[in-house]
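Understanding the architecture of this molecule
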Amino acid sequence: MRSRLLLPAIVASLSLFAVGCSSDSADTTAAPVETEAAVAETEAPVAETEAVAAETEAVAAETEAAAAATGTGPGAGSKKVGFIFVGPKDDYGYNQAAYEGSQAVAAKFPDLEVLTAENVPEDDNATRVMEKMISDGAKIIFATSYGHLDPALKVAAAHPDVVVIQQGNFINDAVPANSGTYFGTVYEPVYLAGIAAGKATKTDKLGYVYAFPIPQTIANINAFQLGALSVNPKVETLVVNTSNWCDPAKQAEAAKSLFAQDVDVITQHQDCTATITKAAEEAGKMVVGYHADASTLAAKGWVTGSEWSWGDLYSDIVQTSLDGKFTGSKYNANYRVGFKDGGNPFVQSKFGSMVDDATKALIDEAKTKISGADGSPFTGPVLAQDGSEMFPAGVPDYATVESKNTVFVKGVVGDIPKG
Amino acid sequence: MSMFVEVLTGGVRGGTSILYAALGESVSERAGVVNLGTEGSILAGALAGYAIAAETGHPWLGVLAGAFAGGLLALVHAFIVLHRGGNQLATGLVILFLGLGLTSLFGVSYVQALAPTFRAVEIPVVGSIPVVGEILFRQDPLVYLSYVMVPALWWFISRSRWGVILRASGERTEVLLANGRRVLPVQYAAVVAGGMLAGIGGVHLSTAYTKAWFENMAQGRGFVAVAVVMFAARQPFKVAGGAYLFGAALALSPALQARGYGINQFALDAVPYLTTLIVLIVLGRRRNADLPEGLSKVFQASPSG
Amino acid sequence: MSATAPIADPTGSAARATLAQRLAAARGVGRLLVALAAALALFAVLMVIKGVNPVTAYKDMVTSTFGDSSQIAGILVRATPLILASLAVAIPARAGLINVGGEGQLIIGGVAAMGVSLAADGRVSGPIALILMGLAAAIAGGLWAALAAVLRITVGIAESVTTLLLNYIAIDVMFFLIYDRWKDRKGSGQPATRAVSPGEQLPLWGNTRVHLGLLIAVVATFVVYAVFRGTSWGFRLRVVGGNTEAARRAGLNVRALIISSMLTGGALAGLGGFTQLAGAEFKLRSGFLFGYGYVAFLASWLARHRPIGVMLACVLLSSIAISGDSLQLDSKLPAASVNVLMALVLLGVFGFSKREAKS
C-alpha cells in the first residue's frame, strides 16, 4: 500500500510544480516577442533585396516567397546561435575544435548568446536538443557531427524560420531553403601531410586508423597515400578501422597492430587523438596529427598534421543568416571550401624537427599547385585499389572528389567494410 | 611477429583491465554481493589514476589513487545493499551511472593532461623465450602485478582461513555467526576490495594501455568483467582465461585488418558472450550448484522451476 | 486451484488498513521526500563546486523542462520505449524472475521490425505494414526473453545472467547487420539502414513529435494492470513469485508460467523497439536505444514492479534525462551532470525510502 502511493505522489507534485512554472514562463516570454518583431521590421529592406537574388533558387522559391512577404529570411535577427556536438567539447579533437569555433563566434558577436550542447547523440535526441535551442530563441543552429544530418533536416523542415546547417555531411536531395551543409576540403592538407610522411618513412609503410568508411575519411586516406606516393613510389598505407569515433583501447590495439606490420608513420581519423599520438611516441614511431596540434605529446615523432580553424567560416555563416541572406547564399547548398578559395577551415599544423627544408619546399610547391585552377590531390589518372580507373585524366572539382571517394586508391592496403 | 603471438599479446594487454575488474567482482560475489557498478569503478580508477599520475608525476601513486576511487564507489554500493536493503542489480546499475557522471564531470581538465605512464618492460631471461616470453613477459608492470594477483587471490580464496570466512559470508552465514563473527564487516571488506581491484583495472586502462583519460573510456569493459565472472565461476585462474579470451577477441580485428583482411568486428565481438553462454549451458546444472547461496538469492529471486 | 477461482487480491486488504498502517505509509512517503530532497541538496553542492547557482539552475530546469511543449514531447517520446521495456521487467518480476534483458529485447524488436520493412521492400505499407512490423518485433522480443526462461528451466542458469549476456549478443547482431548486410548503400557511409518508408511510420500526435507508440505503451500499462488484478494468470504469477514450492503443490504449471511471463514481457519490450523505429528513429543506427533497457530496469524497481507506478517512474526518469538539456543550455553544466543527478535520485529512493535492513 505504502509504496503504491509513493510514485504518484512524486509525479503529481512535480507536475503541479510544472504547471505553475509553465504559466509563469508564458507570461515572461510575451514581452520579448514584441521587441523581436521590431527588430524584424528593421531587417526588412535587407531581406527584400536578397529575396530577388534568391528567386533563381527553384527549391527555395516557396519559403523564400513567404520570407519576402514577412520581410525576413530564416535566421534573420536571431538573438542566439546554437551548436550541438556529438562528443564532449573537451575531446582534444573534432568536437573541441568545433566548440572553439563556437566561442570565436561568441567573441565576434558580443550581442549574440551562443548556446552549446555536448554529447548529443546522432539520433532523435538531437532533434529534441535543437528544438529546445529554438524555443530558447535560437534561429541559427549548427549541427556539427556527420550523423546529425537526419535530425537536422527534420528540425529544418519543422522550423522554416530557423537556419539549421550541418557540418560535413551531404544533402543528396533538394536542399531546403533554411538548411545546407558545409565543410573544408579536408583532404588537401592531408595530402600535404602525406608528402611529409612519404619522405619521412624508412619502411615505406604508413598506417591510418579510422572510425567509419564515410566519404570524407576515405578521401583523407586516399589523399594521404597519393601525397606520399608523389614523393615515394614504393609507399603503401595500411588501414585499420575501429568502428567507433572514440574508443581509446581499440585505438591502442590498432596502433600496435600497425607497428607490428612495420608501419613507422601513423595517422588517424578519430575524434579523440591522444592515445595514438602517445603510442607512436612511446614506440619510437612517427605520427601525423589530425584535428588538433598534438606536437607536445610527441616531441620526437611529430611530423606534421592538420587542424581546424572554424571561427571565420562559422562567423560568416552567422552573419549571412543574421542579415536574412541565408536562403540562396552559397551556404544554402553543400558548401565546400578549399585552398582554391583561400578559406579552408582545415589548416596545416606545424612541422616537426625531422622535416627538412627540401621536404618543406616540396610541400609548398604542391600547395601552390593544388591552390591553382589546374590542381587537385586527385588529378587524374588515379587508379583504384583494384586497378580500375577512379579519376580520369584532368582535374576533378570538389563535388566529384567527394562522390568518387567510395573506394581506396591503389597502394592502400585494407578492405572497406562492405556496404 | 606472427599473428598468433600478436593476438595473444594483445589479448593479455587488452584483457588486463577486464582481469582486474573480474577478479574484484569474484571477491565481491564470493561474499554474496553482485556489483554491476564495476564499470563505474573502472572509470573512477581510470580517472583518479591518470589525474594523480599527472599531478604527482608518479604512476604508482596513480595506482593507489585509482584503487581508492574504485573502492570508494564500491563502498556506496555496499552501504546501499548491505545496510539499506537496496536491490543489488538495480543499485549496481545506479552506481554505474554515478561513476560515469562524476568522472565525466571532474575529468574534463585531464583530457589534455600529460601524465607519466607505465611502459612495457621486458623481463630478462624469460622475456626472450620464444612465443611464451613474447606474449607474457614483454608487458607493462601492471600486467605483471596481475600475474601475481591471480595466484594470490586463488590461494586467498581457496586455501586461506580468510578465504573460508569470505566464502562463508556469501554462503553459510550461520557458520560465521556460530563462530562468533559478524557477517557485515566481511561483506563490506569484500565489496570494497572488489571495487579497488576494478579501480586498478581502470588505472591500467588509462595509464598503461591507452595513456589517456577520456570520458566513458571503459566502453562496457565492466559488464564484460561481470560476464567473465559468470563464465569462470569466480575462480581466479579461470577468470584470467576468460579475460584474456575477451582481450584476444578485441585484438584479432586490428591484427587481421593490418594484414589487409576485411573483417566485420561485430561477429568477433559477440564471440566471448556466446562462449560464456555456451559454457554456462554446458556446465549448467553443476555450475548452478556452485553458486554461493547468497548469490542465488540475487540472481534468482525464487528457486528454479 | 481452478482458473476460474475468485481472485483474492492481496492488495485489497489495503482498504481495511489500520491507522498504524496508514501512519507507516505516511512515514514511507515522508522518507521518500527526505531522500529526494537529500539527493537534490547533494547535487546542489556539486553545482556550487562547479560555480553554478543551484537555485537558478533548479528553477530553469523545471521551467524549461515542463514549460516547453517540445521538451514535454521529448519526455513522452523518450518514455515510450522505456514504459514498454519496464513492463518487460515488471511482468516476470511478479513471478519472481529478474529480467535484466530489456536492452536486448528492445533492440531485437527494432531489428525484427526493420527486417520486415526491408523484406517487404515497399510492397505493403500503412496499417498492414505497421501491424506486420509490430508483430515481428513482439515475437522477436518475446522469443529473445523466453530463451532465458527456457535456459533457466532446462539447464538451471539464472535468467538475470542470461538476459544480461543476451543484451550484448543483441547489440552485436544489430551492429553486424547495419554494418554489412543491411547497410544503406546510398547512405552516408556510417553504419545505418535505410529509413522505413513514410507508409511504415507511426502517426504523430498533431504537430508534435509524440507518436502512436505512446498510446500503445499507455494501453499496455493498463492492460497489464488489469491482467495482474483481474485474471487468474496474473494471480498465478504472483503465487509462483511468492512461493514456487507451494505453487507446484497447488498444481500450477510453474514452467509454463515462467516461460509465459518472460514471453509476454519480452514481447512488450520488442514492441518498444518497434515503436521507436517506426515512431522516432525510422532507421537502425549505431546507438539505437542504447541504455534504455537499463533505465527501464531501474524504473521498474523504482515502482516495485506495479504497472501504473512503473509507467510514472518511466516518465519521471525521462524527465530527469531531459532536464539535462536545461542543465547544459541554461546552467552551462557539462552534459554528464544529468547522470549524476539521476544516480543521486535513484540512490536516494533505493537506499532511503524503506526501512528494512539487509534483504
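Residues numbered from 1 in each chain as written. Chains lettered and ligands numbered in written order. Predicted model: local features only at pLDDT ≥ 70, side-chain atom pairs only at ≥ 80, totals over all residues.

1. Re the overall build of chain B
- A count of helices and strands for chain B gives 14 helices and zero strands.
- Shown N-terminal to C-terminal, the secondary structure of chain B runs as helices and strands in the order α-α-α-α-α-α-α-α-α-α-α-α-α-α.
- Here the C-alpha radius of gyration of chain B, 19 Å, is about what a compact globule of 305 residues would show, namely 19 Å.
- Taking the principal axes of its C-alpha atoms as reference, chain B extends roughly 60 × 45 × 40 Å.
- Of all intrachain contacts in chain B linking residues separated by at least 6 positions in sequence, the fraction that spans at least 24 positions is 77%. (Helix = DSSP H or I, 4+ residues; strand = E, 2+ residues; numbered from the N terminus. Rg over C-alpha atoms; globule rule 2.2 N^0.38 Å. Contact = placed C-beta atoms within 7 Å.)

2. Concerning the overall build of chain A
- A tally of helices and strands in chain A yields twelve helices and 15 strands.
- Counting the 419 residues in chain A, one finds 58% classified as buried.
- Considering only intrachain contacts with a sequence separation of at least 6, the fraction spanning at least 24 residues in chain A is 67%. (Buried ≥ 20, exposed ≤ 12 C-beta atoms within 10 Å, placed from the backbone.)

3. Describing the packing of helix H6 (residues 141–158) of chain B against helix H11 (residues 236–258) of chain B
Residues and elements named next belong to chain B.
- It is the contact of H6 with H11, at a shortest axis distance of 8 Å, that shows an interaxial angle of 145°. Residues Val150, Leu153, Trp154 and Ile157 of H6 touch H11, and the partners they reach there are Pro236, Phe237 and Ala240.
- Its residues placed into classes, the contact of H6 with H11 shows seven nonpolar, no polar and no charged. (Axes fitted to C-alpha atoms, helices over the stretch in contact; angles between N-to-C directions. Nonpolar A, V, L, I, M, F, W, Y, C, P; charged D, E, K, R; others polar.)

4. Some details on the interface of chain B and chain C
- Taken together, the contact pairs 44 residues of chain B with 47 residues of chain C.
- Those elements giving two or more residues to the side of chain B that touches chain C turn out to be helix H3 (59–83), helix H4 (88–107), helix H10 (221–232), helix H12 (265–282) and helix H13 (284–290) of chain B.
- At twelve residues, the largest contribution of residues to the side of chain B that touches chain C is made by H4 of chain B.
- The residue inventory of the side of chain B that touches chain C, partitioned by class, reads 25 nonpolar, 15 polar and four charged.

5. Description of the confidence of the model for chain A
- Across chain A, the average pLDDT comes to 84, with 83% of residues at 70 or higher.
- Low confidence marks residues 1–71 of chain A, where pLDDT is under 50. Its contacts with residues over four positions away, or in another chain, come to 97 contacts. (pLDDT = per-residue confidence, 0-100.)

6. Thoughts on the environment of Thr117 of chain B
All names here are of chain B.
- Summarising the element assignment, Thr117 is placed in the loop between H4 and helix H5 (132–136).
- Overall, Thr117 belongs to the buried group, with 21 C-beta atoms counted inside 10 Å.
- When the C-alpha positions of Thr117 and Ala53 are compared, they lie 7.6 Å apart, and in sequence the two are 64 residues distant.
- Setting aside chain neighbours within four positions, we find Thr117 in contact with Pro59, Thr207, Ala208 and Lys211.

7. Here's the deal with the environment of Ala255 of chain A
All names here are of chain A.
- Checked against the element boundaries, Ala255 lands in helix H8 (residues 248–260).
- Ala255 sits in the buried class, given 29 other C-beta atoms within 10 Å.
- Distance in space between the C-alpha atoms of Ala255 and Thr273 is 12 Å, their sequence separation being 18 residues.

8. Quick look at unusual backbone geometry
- Cis peptide bonds are those with omega within 30 degrees of zero, and the linkage from Gly380 of chain A to Pro381 of chain A qualifies with 0°.
- One can find Pro381 of chain A in strand E13 (residues 380–383).
- Phi at Lys332 of chain C is positive, roughly 60°, even though this residue is not glycine.
- Examined against the element boundaries, Lys332 of chain C turns out to sit in the loop between helix H12 (307–329) and helix H13 (337–352).

9. Regarding the packing of helix H3 (residues 69–94) of chain C against H12 of chain C
Residues and elements named next belong to chain C.
- One can describe the packing of H3 onto H12 by two numbers: an axis separation of 8 Å at closest approach and a directional angle of 140°. By the angle class used here, H3 and H12 are oblique. Considering the relative orientation of H3 and H12, their crossing is right-handed. The segment H3 lies against H12, with Gln71, Gly74, Ile75, Arg78, Ala79, Leu82, Ile83, Ser86, Leu87 and Ala90 engaging Pro307, Val310, Met311, Cys314, Val315, Leu317, Ser318, Ser319, Ala321, Ile322 and Asp325. (Parallel < 35°, antiparallel > 145°, perpendicular 65-115°, else oblique. Left-handed = near helix turned anticlockwise from the far one by under 90°.)

10. Section: the sheet that holds strand E2 (residues 113–117) of chain A
Residue and element names in this part refer to chain A.
- As summarised here, the arrangement of the six strands in space is E2-E1-E3-E4-E5-E11, forming an open sheet in which the pairing is parallel. Single-partner strands in this sheet number two, and they are E2 and strand E11 (334–337). On average, adjacent strands in this sheet sit at an angle of 20° to one another, irrespective of strand direction.
- Both strand E1 (residues 80–84) and strand E3 (residues 138–143) contribute to a ladder of five bridges, which runs parallel. The residue bridging Lys80 from the neighbouring strand is Ala138, located in E3.
- Each of E1, E2 and strand E4 (163–167) touches helix H3 (residues 94–108); the most contacted strand, E2, lies at about 165° to it.
- Set on the sheet, helix H5 (residues 149–158) makes contact with E3, E4 and strand E5 (179–184); between it and E4 the angle comes to about 170°. (Pairing = 2+ DSSP bridges.)

11. With respect to helix H6 (residues 159–179) of chain C
- Taking 1.5 Å per residue, 21 residues should reach 30 Å; H6 of chain C reaches 30 Å between its end C-alpha atoms and fits that length.
- Where burial is concerned, most of H6 of chain C is hidden: 19 out of the 21 residues are buried. (Expected span 1.5 Å × (residues − 1).)

12. Overview of the environment of Leu327 of chain C
Residue and element names in this part refer to chain C.
- The topology assignment puts Leu327 in helix H12.
- Leu327 sits 31 residues away from Ala296 along the chain, and the two C-alpha atoms are 23 Å apart.
- Leu327 has contacts with Ala57, Met61, Leu333, Ser337 and Val338, leaving out every residue within four places of it along the chain.

13. Concerning the nonpolar core
- Val94 and Val228 of chain B together with Leu298, Ala299 and Cys314 of chain C are the most contacted members of the largest nonpolar core, which totals 355 residues.
- For Ala299 of chain C, the residues in contact, after removing those within four places along its chain, are Leu82, Ser86, Val310, Ala313, Cys314 and Leu317 of chain C. (Core = buried A, V, L, I, M, F, W, Y, C linked by C-beta atoms within 7 Å.)

14. Here we look at the pairing of E3 of chain A
Residues and elements named next belong to chain A.
- Burial runs high along E3: six of the six residues are buried.
- With four bridges connecting them, E3 and E4 associate as parallel partners. Its bridge partner being in E4, Ala143 is matched across the sheet by Gln166.
- With H5 bridging E3 and its parallel neighbour E4, the resulting β-α-β unit is right-handed. (Right-handed = clockwise from strand over helix to strand, strands pointing away.)

15. A closer look at the sheet that holds strand E6 (residues 205–210) of chain A
Residue and element names in this part refer to chain A.
- An order of E12-E10-E9-E8-E6-E7-E15 is seen for the seven strands of this open sheet, with the pairing classed as mixed. With partners counted over all chains shown, the strands left at the sheet margins are strand E12 (346–348) and strand E15 (412–413), one partner each.
- Packed on one face of the sheet, helix H7 (residues 215–229) meets E6, strand E7 (236–241), strand E8 (265–269) and E15 and runs near 170° to E6.

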